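# Structure assessment
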Amino acid sequence: MLKNKEIQMLVEKSGLNFKEWKEETIKVGRLAIIDKDGDEYKLWEQSLLERHAIQLVINNMNETKNSQKSNEHNKPVETKQSQPNN
């Protein structure tokens, strides 16, 4: 993934004003997302779903881990019972 400074350098090397290019690019992207149209929307939607799915997995893992720890603390201590002598 490119950093903001790298993007700026590429845009300026193309002879464009970075600030104007950035504003226009974001504006077009926002409209595509609002209209649910085109590649920008599909990429945004996919990225959003991926991020939330990953967060869901992380949350479930943490809940499972916490549940296991809780069960270990609540587990009764086993004592050895004396066995009758035969």
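In this text, all values refer to a predicted model and were calculated from it rather than measured experimentally.

Cut-offs used in this document
- Residues numbered from 1 in each chain as written.
- Predicted model: local features only at pLDDT ≥ 70, side-chain atom pairs only at ≥ 80, totals over all residues.
- Heavy atoms only, no water.
- Helix = DSSP H or I, 4+ residues; strand = E, 2+ residues; numbered from the N terminus.
- Areas by Shrake-Rupley, 256 points an atom, 1.4 Å probe, with all protein chains shown as cover.
- Buried < 20%, exposed > 50% of the residue type's maximum accessible area, 1.4 Å probe, protein only.
- pLDDT = per-residue confidence, 0-100.
- Expected span 1.5 Å × (residues − 1).
- Arc of directions from axis to C-beta.
- Polar contact = N/O pair within 3.5 Å; in protein donor to acceptor, adjacent residues only side chain to side chain.

### Remarks on the overall build of the protein chain
When its secondary structure is counted, the protein chain shows 3 helices and 0 strands. Counted from the first residue to the last, the protein chain has its helices and strands arranged as α-α-α. A total accessible area of about 8600 Å² is found for the protein chain, and carbon and sulfur atoms account for 53% of it.

### Topic: unusual backbone geometry
With the exception of glycine, the majority of residues adopt a negative phi angle, and the majority of peptide bonds are in the trans configuration. Its identity as a non-glycine residue notwithstanding, Lys36 has a phi of 55°, on the positive side. On the secondary structure map, Lys36 appears in the loop between α2 (18-35) and α3 (38-74). Of the residues examined, Lys36 reaches a relative accessible area of 60% and is grouped as exposed.

### Focus on the confidence of the model for the protein chain
With 85% of its residues at a pLDDT of 70 or more, the protein chain shows a mean pLDDT of 87. At the level of individual helices and strands, the protein chain shows its lowest average pLDDT in α3, which scores 89, and its highest in helix α1 (residues 4-13), which scores 96.

### So, α2
Its 18 residues place the ends of α2 25 Å apart at the C-alpha level, agreeing with the 26 Å of an ideal helix rising 1.5 Å per residue. Among all positions of α2, only Phe18, Gly29 and Ala32 are buried. Along α2, the residues classed as buried sweep out an arc of 70° about the axis, all on the same side. The exposed residues of α2 that point more than 90 degrees off its buried face are Lys19, Glu20, Arg30, Ile34 and Asp35. The opening residue of α2, the one whose side-chain oxygen lies 3.0 Å from the backbone nitrogen of Lys19, is Asn17.

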